[in-house]
Amino acid sequence: MLTHQRRFLPSTSALAAFDSVAKLGSFSAAANELALTQGAISRQIGLLEEQLGVRLFDRTNRGVELTAIGKTYAKGIGDALATIRTLSLEAMATRDDTHLRLAILPTFGTRWLMPRIPDFLARNPAIIIDFATRIGQFEFEGSGIDAAIHIGEPNWPGTDCQFLMQEMVVPVCSPSFLAANPVNRPQDLLSKPLFDMASRPRAWEHWFASLGIVEGRGGGMRFEQFSNVVQACLAGLGIALVPTFLIEPELSSGQLVRAWDHEVKSASAYYLVRPLSKMAYGPASLFANWIIDTARAFSDRNAISP
């Protein structure tokens, strides 16, 4: 019975060769992709066709073309190999309890998290952190990511979202921009170029509402990354509503100034997000406990309440 079943389990080498030829349309291209000779690819395809008892390719002057059976087989094998690759990556990602694969926001990671990471590593010297940059929600499955830092709301499907901290935001711009575009009252900002951040939708509306201002505002550029919006401010292109704790160096040096000195608690907050399938993973649990405590201590020192 086992011998009979094995007849229908071709070697992974033959399947990989078939998948490559099916995608690329030639033995030579597949040979280059798999770092094999064209003859080796041809032998693998021949063995596969012999094992299955069907012709998968028609040989033509232009190369090879999938037969009708080959097209059906190619779709199924392509999906199966993709599944195998995903499962293999997941198995490799959980091969030990020493690696933490963490997705971070670029500026938050650079300016807030990295200076504090030595404390975590000192407490957990056996853990090795692999950092990846992610902006916005993504699919944890197949990504190899164990946890992520998220800005927004705790609405990430299939995950556990742990609150880290709020942020206080203030409108800032370059001194030269403010000199050329004076702001004598907060309503004056409505007619200025105001930058929007993709991760903080309706931030300006929230800020104006805190002052009882409900009039509509003009348009402005929209940015995906915090670093880009800061650079746009430094270039004198407009005004951004940004977290004060992330631009302390620019404010201290005078590169940026407050367009209007009114801080508001952002409608968005920072969360540690873990897929439900990784809740029991040791390094992620240790990191969760540490960053929650660290963020709480930071908020207490800076009087940022949930």
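Residues numbered from 1 in each chain as written. Predicted model: local features only at pLDDT ≥ 70, side-chain atom pairs only at ≥ 80, totals over all residues. Heavy atoms only, no water.

Draft legend 1. Here's a closer look at the overall build of the protein. A count of helical and extended segments in the protein gives 12 helices and 13 strands. Overall, the protein is about 85 × 50 × 30 Å in size when its C-alpha atoms are taken along their principal axes. When the 306 residues of the protein are sorted by exposure, 42% land in the buried category. Contacts in the protein between residues far apart in sequence, at least 24 positions, make up 74% of those at least 6 positions apart. Counting only carbon and sulfur atoms, one obtains 54% of the accessible surface of the protein, whose full area is about 16,000 Å². (Helix = DSSP H or I, 4+ residues; strand = E, 2+ residues; numbered from the N terminus. Buried < 20%, exposed > 50% of the residue type's maximum accessible area, 1.4 Å probe, protein only. Contact = heavy atoms within 4.5 Å. Areas by Shrake-Rupley, 256 points an atom, 1.4 Å probe, with all protein chains shown as cover.)

Draft legend 2. Focus on the packing of helix α2 (residues 12-24) against helix α4 (residues 38-52). Running from N to C, α2 and α4 point in directions that differ by 110°, and their axes come no closer than 9 Å. By the angle class used here, α2 and α4 are roughly perpendicular. Across the interface between the two elements, Ser-13, Ala-14, Leu-15, Ala-17, Phe-18 and Val-21 of α2 pack against Ile-41, Gln-44, Ile-45 and Leu-48 of α4. By residue class, the composition of the contact of α2 with α4 is 8 nonpolar, 2 polar and no charged. (Axes fitted to C-alpha atoms, helices over the stretch in contact; angles between N-to-C directions. Parallel < 35°, antiparallel > 145°, perpendicular 65-115°, else oblique. Nonpolar A, V, L, I, M, F, W, Y, C, P; charged D, E, K, R; others polar.)

Draft legend 3. Main features of helix α12 (residues 282-301). Here α12 contains 20 residues, and its C-alpha end-to-end distance of 29 Å stays within 8% of the 28 Å for a straight helix at 1.5 Å per residue. The complete set of buried residues in α12 reads Pro-283, Ala-284, Phe-287, Ala-288, Trp-290, Ile-291, Ile-292, Thr-294, Ala-295, Phe-298 and Ser-299. Of the surrounding secondary structure, the elements contacted by the buried residues of α12 are β3 (99-104), α6 (106-113), α7 (117-123), β5 (147-152), β6 (159-165) and β13 (269-275). (Expected span 1.5 Å × (residues − 1).)

Draft legend 4. Seen up close, the pattern of salt bridges. Per the counting criterion, the structure on display carries 14 salt bridges. A salt bridge links Asp-293 to Arg-296; the nearest nitrogen and oxygen atoms lie 3.1 Å apart. Taken together, the residues span about one helical turn, with Asp-293 and Arg-296 both in helix α12 at a distance of 3 residues. Residue Asp-293 is classed as partly exposed on the basis of its relative accessible area, which comes to 46%. (Salt bridge = Lys/Arg side-chain N within 4 Å of Asp/Glu carboxyl O.)

Draft legend 5. Inspection of the state of the cysteines at higher detail. A full pass over the atoms with the stated rule returns 0 disulfides. In this structure Cys-233 is not part of a disulfide, and its nearest cysteine sulfur, from Cys-173, lies 7.1 Å away. With a relative accessible area of 0%, Cys-233 lands in the buried category. (Disulfide = S-S within 2.5 Å.)

Draft legend 6. Quick peek at α2. With 13 residues, α2 should reach 18 Å at 1.5 Å per residue; the first-to-last C-alpha distance of 18 Å fits that figure. Buried within α2 are the following residues: Ala-14, Leu-15, Ala-17, Phe-18, Asp-19, Ser-20 and Val-21.

Draft legend 7. The arrangement of the sheet that holds β3 in detail. Strand order in the open sheet made by the 5 strands is β4-β3-β5-β13-β6, with mixed pairing throughout. Every other strand in the sheet has two partners, leaving β4 (128-133) and β6 as the edge strands with one partner each. Taken pair by pair, the neighbouring strands of this sheet meet at an average axis angle of 25°, ignoring direction. Examined bridge by bridge, β3 and β5 share 2 bridges and lie parallel to one another. Bridged to Leu-102 within β5 is Ala-147. (Pairing = 2+ DSSP bridges.)

Draft legend 8. Quick peek at the side chain of Ser-26. Turning to its location among the elements, Ser-26 is positioned in the loop between α2 and α3 (27-34). Of the polar contacts made by the side chain of Ser-26, one reaches the side chain of Ser-28; its length is 3.4 Å. In this structure the side chain of Ser-26 is engaged in a polar contact, spanning 3.0 Å, whose partner is the backbone nitrogen of Ala-29. With sequence-adjacent residues up to four places away left out, Ser-26 is seen in contact with Val-21 and Val-64. (Polar contact = N/O pair within 3.5 Å; in protein donor to acceptor, adjacent residues only side chain to side chain.)

Draft legend 9. View of the environment of Val-170. Mapped onto the elements, Val-170 comes out in strand β7 (residues 168-173). For Val-170, a relative accessible area of 0% translates into the label buried. For the pair Val-170 and Ser-266, spaced 96 residues apart in sequence, the C-alpha separation works out to 9.3 Å. Dropping the residues within four chain positions of it, Val-170 is found in contact with Ala-240, Leu-241, Val-242, Thr-244, Arg-258, Trp-260, His-262 and Glu-263.

Draft legend 10. Main features of the side chain of Glu-49. As for its position among the elements, Glu-49 is in helix α4. Of note is the side chain of Glu-49, whose polar atom sits 3.3 Å from the side chain of Arg-59.

Draft legend 11. The packing of aromatic side chains, seen in detail. Across all of its chains, the model carries 20 aromatic pairs by this definition. A centroid spacing of 5.5 Å and a plane angle of 55° characterise the contact between Phe-18 and Phe-57, whose relative ring orientation is tilted. Of this pair, Phe-18 sits in helix α2 while Phe-57 sits in strand β1 (residues 57-60), placing them 39 residues apart in sequence. When its relative accessible area of 0% is taken as the criterion, Phe-18 is described as buried. (Phe/Tyr/Trp six-rings, centres within 6.5 Å; stacked < 30°, edge-to-face > 60°.)

Draft legend 12. Region of interest: the environment of Met-165. Within the fold, Met-165 resides in strand β6. Here Met-165 falls in the buried class, since its relative accessible area comes to 0%. Residues in contact with Met-165, not counting those within four places in the same chain, are Phe-108, Trp-112, Phe-245, Ala-269, Tyr-270, Ala-295, Phe-298 and Ser-299.

Note that all results are geometric; they support no functional claim without further evidence.
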